[in-house]
Amino acid sequence: MVAQPGFYEVEISSLVYGGYGLGRLPDGRAVFVPYVLPGEKARVQVFDEKKSHARARLVEVISPSPERIAPRCRHFGDCGGCHYQHLSYEKQLLLKREILADQLTRLANLPDPPVQPVVSSPRSWNYRNTVQFHLSPGGKIGYLAANSNRIVEISECHVPEPVLNDTWPRLSLEPDPGLEEIELRAGADEEVLLVLEGRDPRPPELEVDMRLSVVYLGTEQPYIMAGDDFVVMEVLGRPFKVSAGSFFQVNVLQAEAMVNHLLNILPLKAQNILLDLYCGVGLFSAFLAPRVGRCIGVEVSPWACDDFAVNLDEFDHVDLYVGTTEEVLPALELSPEVVVLDPPRAGVEKAALQALVNMHPAVIAYVSCDPATLARDARILLSHEYTLEQVTPFDLFPQTYHIESISLFRA
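To start, this report covers the structure provided alongside it. (Residues numbered from 1 in each chain as written. Predicted model: local features only at pLDDT ≥ 70, side-chain atom pairs only at ≥ 80, totals over all residues. Heavy atoms only, no water.)

What follows deals with the environment of Glu 174. Position of Glu 174 relative to the elements: it lies in the loop between β10 (172–173) and β11 (179–186). With 33 residues separating them in the primary sequence, Glu 174 and Glu 207 have C-alpha atoms 9.0 Å apart. Apart from residues lying up to four places away in sequence, Glu 174 is in contact with Leu 135 and Glu 205. (Helix = DSSP H or I, 4+ residues; strand = E, 2+ residues; numbered from the N terminus. Contact = heavy atoms within 4.5 Å.)

Below is the structure:
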């Protein structure tokens, strides 16, 4: 059989960050393929070629791995939301530890990084308290396809909490090209907040035959269409106000594990100054503040800052600085003993990292959602005479390639 242009048979040698399997094209270039496993032979179609590598779509698994299992969801392989449903959860955890260690070895020059076993999620399905959907041209709920702007209309999804799965199939929205994203968020007591984001100043038409809060975030002021513009999340028995525009961890049980981990590893004393960078609505500050003499949060999101003020209102020794970390840190004249930072996927801005090492805190706990940017920033901290004592991964996102971790650096 004559091979078609762009189609190849490749052997998959390993899995890499991003949910891809790594293979080699006949000319030796690396090719990255989703939904495959090490040891498999696959037929792929290259759609993006560079001088040193290429990306390809999976056409057919010719020789499946004995570790391959049947995915739970009928949309797996088309929808881009999940990446590892074809692998048992136990194997997913081992894989994520290997990938995190590999990123630190290659990008941070750490030959034997102190990566601990992954803290597994108590729920490997139906764990997400927040999900983001898109609306298809026909007005149906869906997710983006892998490596595409095409919207896959869905009839099932196994990662949202049950109350969200009871909600999204009942939404009735008119097709609206200006409506960019639909978010559902479940709070404590199963209260549900629907957040619509769009390019139009006016909210879209929506039929609701259930009890939920609805907020539209357009080009002008937020518009409350029903109920409240926030939900209340609960972590370790403590309530947190989380507004429509604020970020919060999507896996509450794992958020609890991360809080407990920080309480266990950080040397917190009554005379300490604690700096909580990218503090959001105050998840970590709320539990760490009672153990230190002064707690200072830094956050740029107006929504999150308002929530932080509510969630930390009981403490007289907690302050909040509003602005980007790279703007605020150089202006702070203090010497914190302990720093907790939870940056976005892009990691810490270079100016912020330099300002941080100039303060020379004794301990830095780096909460990361991206191994590559963690490794980049770790390399800088290590060059300033910090030691990486431990890296503990937390699986906040089962069935996906995402890896959350907490790294402890000590001066």
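Once that is clear, we can look at helix α5 (residues 302–311). Within the sequence span of α5, burial applies to Ala 304, Cys 305, Asp 307, Phe 308 and Asn 311. End-on view of α5: buried residues confined to an arc of 165°, all on one side of the axis. Turned more than 90 degrees away from the buried face of α5 sit Pro 302 and Asp 306, all of them exposed. If you follow the buried residues of α5, they end up packed against β17 (238–243), α4 (283–288), β19 (294–299) and β20 (318–322). (Buried < 20%, exposed > 50% of the residue type's maximum accessible area, 1.4 Å probe, protein only. Arc of directions from axis to C-beta.)

Looking at the secondary structure, you find Asn 129 in the loop between α1 (89–107) and β7 (130–135). The exposure class of Asn 129 is buried, given its relative accessible area of 0%. From its side chain, Asn 129 meets the backbone oxygen of Gln 249 in a polar contact 3.0 Å long. The residues contacting Asn 129, other than those within four sequence positions of it, are Glu 161, Leu 164, Leu 184, Arg 185, Ala 186, Met 233, Gln 249, Val 250, Asn 251 and Val 252. (Polar contact = N/O pair within 3.5 Å; in protein donor to acceptor, adjacent residues only side chain to side chain.)

Moving on to the pattern of salt bridges. Taken as a whole and assessed by the stated rule, the structure comprises 18 salt bridges. Its salt-bridge partner being Asp 48, residue Arg 55 comes within 3.2 Å of it at the nearest N-O pair. Looking at Arg 55, the relative accessible area reads 27%, which means it is partly exposed. Its salt-bridge partner being Arg 150, residue Asp 78 comes within 2.5 Å of it at the nearest N-O pair. Here the residue Asp 78 occupies a position in the loop between β6 (53–63) and α1, and Arg 150 occupies one in the loop between β8 (141–144) and β9 (151–153), the gap between them amounting to 72 residues. Residue Arg 150 is classed as partly exposed on the basis of its relative accessible area, which comes to 44%. Each of the salt bridges in this network shares a partner with another, and the network as a whole consists of Asp 27, Arg 29 and Glu 49. (Salt bridge = Lys/Arg side-chain N within 4 Å of Asp/Glu carboxyl O.)

Within helix α7 (residues 350–359), the full set of buried residues consists of Ala 352, Leu 353, Ala 355, Leu 356, Val 357 and Met 359. His 360 occupies a position one or two residues after α7 and carries a positive phi of about 55°.

It is worth spelling out the nonpolar core at this point. Judged by nonpolar contacts, the single largest core of 78 residues is most densely connected at Ile 182, Leu 184 and Leu 266. The element contributing the most residues to this core is helix α3 (residues 252–265), with 7 residues. Setting aside residues up to four positions removed in sequence, Ile 182 forms contacts with Val 131, Gln 132, Phe 133, His 134, Leu 135, Ile 141, Leu 171, Leu 173, Leu 194, Val 195 and Leu 196. Counting 44 residues, the second-largest nonpolar core is a separate cluster that includes Tyr 17, Leu 110, Ala 355 and Tyr 386. (Core = buried A, V, L, I, M, F, W, Y, C linked by side-chain atoms within 4.5 Å.)

Now for the sheet that holds β7. The 7 strands are arranged β9-β8-β7-β11-β12-β14-β15 in an open sheet whose pairing can be described as mixed. Each edge of the open sheet is held by one strand with a lone partner, namely β9 and β15 (223–226). Across the sheet, the axes of successive neighbouring strands diverge by a mean angle of 35°, strand direction being ignored. As judged from the 5 bridges shared by strand β12 (residues 192–198) and strand β14 (residues 213–217), these two strands associate in the parallel manner. When the sheet's bridge partners are listed, Glu 197 is paired in β14 with Leu 217. (Pairing = 2+ DSSP bridges. Axes fitted to C-alpha atoms, helices over the stretch in contact; angles between N-to-C directions.)

This brings us to the packing of aromatic side chains. Summed over the entire model, instances satisfying the criterion amount to 7 aromatic pairs. Plain terms: the ring middles of Tyr 17 and Tyr 401 are 5.2 Å apart, the flat faces sit at 90° to each other, and that makes the pair edge-to-face. Residue Tyr 17 is found in the loop between β2 (14–16) and β3 (20–24), and its partner Tyr 401 is found in the loop between β23 (387–394) and β24 (404–410); the two are separated by 384 residues along the sequence. By relative accessible area, Tyr 17 is classed as buried at 18%. When the ring of Phe 240 is compared with that of Phe 287, the centres are 6.0 Å apart and the planes differ by 45°; the resulting orientation is tilted. On the criterion of sequence distance, the pair formed by Phe 240 in strand β17 and Phe 287 in helix α4 is long-range, its members being 47 residues apart. (Phe/Tyr/Trp six-rings, centres within 6.5 Å; stacked < 30°, edge-to-face > 60°.)

So, on to the environment of Ile 296. Position of Ile 296 relative to the elements: it lies in strand β19. The exposure class of Ile 296 is buried, given its relative accessible area of 0%. Spatially, the C-alpha atom of Ile 296 lies 24 Å from that of Glu 389, the residues being 93 residues apart in sequence.

Quick look at the packing of α1 against helix α8 (residues 371–383) now. One way to put it is that α1 packs onto α8 with a least axis distance of 9 Å and a crossing angle of 40°. Classified by the interaxial angle, the pair formed by α1 and α8 is oblique. Relative to α8, the crossing made by α1 is right-handed. Where α1 approaches α8, its residues Leu 100, Gln 103, Leu 104 and Leu 107 are matched on the opposing element by Pro 371, Ala 372, Leu 374, Ala 375 and Arg 379. (Parallel < 35°, antiparallel > 145°, perpendicular 65-115°, else oblique. Left-handed = near helix turned anticlockwise from the far one by under 90°.)

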